[in-house]
Structures are given as structure tokens and as C-alpha cells.
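# Close look at the chain arrangement
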Amino acid sequence: MAKSLCVTYCLWLLGGWFGLHHFYLGRDRHAFVWWCTMGGVFGMGWLREFWRIPEYVDDANETDEYVEYFVELVRTYPKPKFKVHRFAGELVVGTLFGYLTRLALPEELLNQQKYRILLIFVPYSVALGVHLVGNIGRQTGEIWFPMLGSYLAFPLYRLSQSGISYSSVAAAVLFEWLGKEYQRKPKTRQNLCKRLVIISLCSLVYMSLWGSFIFWNASITYSDGTTVRIHEAAKHFLNSPAWKELKKSINEVYGYAQEHSWWAVYDKFLEKLDPQGEQHALKV
């Protein structure tokens, strides 16, 4: 089914920060990048697309005009031209994935020598981010070149806090120099359910990394200046009287619902709220 320019603009306006218009056009990688970076680094990429959407729609529909343009482009430039915005995207997403993976690894484990081997996943995440951006649209390339560049910079991790950024630069440079080429074959139309499953799994992995960072490495500071890790604070809360009282109340509500019904629980809840103020008036 042909994609509509009007629908694409509507989706761009309403859900463009989350890549909804790209998913509609079958540009799933682009949609995932937009979702991870909130519209291409807080909306900058989203705003730029206002002028690019007609080209995206022609590409999705494979119109005669776009096919002629693409064929002429391949003839003129045997290799995809260097584009600053794509290179910048590779750097941003590669660095984001690298730092997020590093932050998701529990510091308590990394402080032990035998677990520091887990850091080898960081350059892989950098290469994955670079490869993801490099394969958007009519451009493609293998992951081996960005992975080579990323792991070549791996020793710098021990020397500088900016090692991940250097790794991202090396991965993007090697991909742009040796790894990229045109996507010449016609795009294969995938089943919608399969696409949803794949992008949902990728989103789940991405969110789990954020969850791991928050749970294991993020901390909160109390008014007295004491700093406590989130997972330690959660452990203390689960052992606190407040949690035990809450759990007891939930069990009582569930037991009441089993004995009567959930509608009875709802009525009881409204009664306790006293929306008409009758109980308060009687007390007065």
C-alpha cells in the first residue's frame, strides 16, 4: 500500500520524537534511533526532517522519480558520499550506547578484578550504535569495520574517561572510510507483527540498560548529606514498617475482594473518600 505524505506529516507532528512516522514508512532503524535520542538529540533531527519527509515518502513508495534519482546517484558516486549529519549521528548513538552499557554494569562487580572482563561489551555497544545509524535508508555496511575501530580504541578506556568517545570516533571513521556502500537491492517488505516484535525487543533491551544503571549505580542524597545507592535504599524500604504495613493492607484488600467482589472494594473505597462530606459533617 502506498504511503501518504499527509499521514506521514501528521505522524511526524504527533509522534515524530518517538519515530512514529519512520515506523509508518518502514524505516524501523530510523524509528528506533529517534526513540532512543528523543527525536534525534532532543528534537534537532526531528525539526530537520520537515524538509526531508517528501523524499522519505518517495523512497518508501519507490516512485519512478526517486528510482531515477537513486540510479543516477549510484552512477555518479560509486560509494555513498560523506554526510556530516549522518557522521554526527553515528558519533552520538555510538557514544550513547557505549556510555549506557558502561553505566549499566554494577560498580560493585567492576571493582573486583575478575569481573572487569565485562567491559568488553562496551566497545561492542559503541560499534552497534555506529552500525545502526550507518544502515539507515539506502546505505548499508557490515558491523566488522566499526567493531574493529571500536576495539582498537579499547586500551584508552584505562587512560581516560573519554575513552568511549574516542572509541566512537574510531568506529565511525572506519565505517565511513571502508564499511559503507549503497543498498542496491529492493527492500523486502516485512510482516507488521514481526517488525513490532523486533522493535519491542530492542526497546526492552535499551530500557533494561537504563533500569540496570538506575538500580545498581544511581544514588540518592538525603537531607543530612548521606548518599545511598538506589538498590540499597530499595532493600531498606522493603524491610521498613511502612512497606510491611502497605503489604498487609494490600493483602486485606485482596481478601475482601475474594470474599465479596472488586466492585465492593470500589464502593468501600468511595465510602472512605466520603466525597459528599457526610461523615465529616457528622463529626462536626
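Structural data are supplied above this passage.
Summarised in this report is the structure supplied together with it. Within every chain, residues take consecutive numbers counted from 1 along the sequence as written. A pLDDT threshold of at least 70 governs which residues receive local features in this predicted model, and a stricter bar of 80 or more applies before side-chain atom pairs are shown or counted, although totals over entire chains, interfaces and linings include all residues. For the side-chain quantities, the full set of heavy atoms in the structure was used; hydrogens and water were omitted.

## Points about the overall build of the protein chain
The secondary structure listing takes helices from DSSP runs of H or I that are at least 4 residues long and strands from runs of E that are at least 2 residues long, numbered from the N terminus. The secondary structure content of the protein chain amounts to 16 helices and 4 strands. Expressed along its principal axes, the backbone C-alpha trace of the protein chain runs to roughly 85 × 55 × 30 Å. Only heavy atoms enter the contact rule, under which two residues are in contact if any of them lie within 4.5 Å. Here the contacts in the protein chain between residues at least 6 apart in sequence split such that 66% fall between residues at least 24 apart. The positive count covers Lys and Arg only, the negative count covers Asp and Glu only, and His and the chain ends enter neither. One atom stands in for each charge, and that atom is NZ of Lys, CZ of Arg, CG of Asp or CD of Glu. Once the 30 positive and 25 negative side-chain charges of the protein chain are each reduced to a mean point, those two points are 8 Å apart.

## Here we look at the packing of aromatic side chains
Think of it this way: a Phe, Tyr or Trp ring, Trp meaning its six-membered ring, pairs with another when their centres are within 6.5 Å, and the plane angle makes it stacked under 30 degrees, edge-to-face over 60, tilted otherwise. Under the counting rule described, the total for this entry stands at 17 aromatic pairs. Every member of this aromatic cluster is reached through a ring pair, and the members are Tyr9, Trp12, Trp17, Trp46, Phe50 and Trp51. In this structure, Arg195 is placed above the aromatic ring of Phe23, and the distance from its NZ or CZ to the ring centre is 4.2 Å. Our definition puts a charge over a ring when NZ of Lys or CZ of Arg is within 6 Å of the ring centre and also within 35 degrees of the ring normal.

## Quick look at a negative patch on the surface
Together, Asp58, Asp64, Glu65 and Glu68 give the surface a local cluster of negative charge. The element contributing the most residues to the negative patch is helix α6 (residues 64–76), with 3 residues. Here Glu68 lies in helix α6. Accessibility here uses a 1.4 Å probe with only protein chains present; expressed as a share of the type maximum, an area under 20% marks a residue as buried, one over 50% as exposed, and anything in between as partly exposed. Since its relative accessible area comes to 58%, Glu68 is described here as exposed. Patch definition: residues above 30% relative accessible area lacking any salt bridge, with like charges linked at up to 9 Å and the nonpolar side chains Val, Leu, Ile, Met, Phe, Trp and Tyr linked at up to 5 Å. Each accessible area value is a Shrake-Rupley result obtained with a 1.4 Å probe; residue values ignore everything except the protein chains displayed when judging cover. The working definition used for a salt bridge is a side-chain nitrogen of Lys or Arg within 4 Å of a carboxyl oxygen of Asp or Glu.

## A look at the environment of Gly98
Here Gly98 shows up in helix α7 (residues 84–104). On the basis of relative accessible area, Gly98 is assigned to the buried category, the value being 0%. Sequence separation between Gly98 and Gly134 is 36 residues, and the spatial gap between their C-alpha atoms is 16 Å. Setting aside residues up to four positions removed in sequence, Gly98 forms contacts with Val122, Ser125, Val126 and Ile164.

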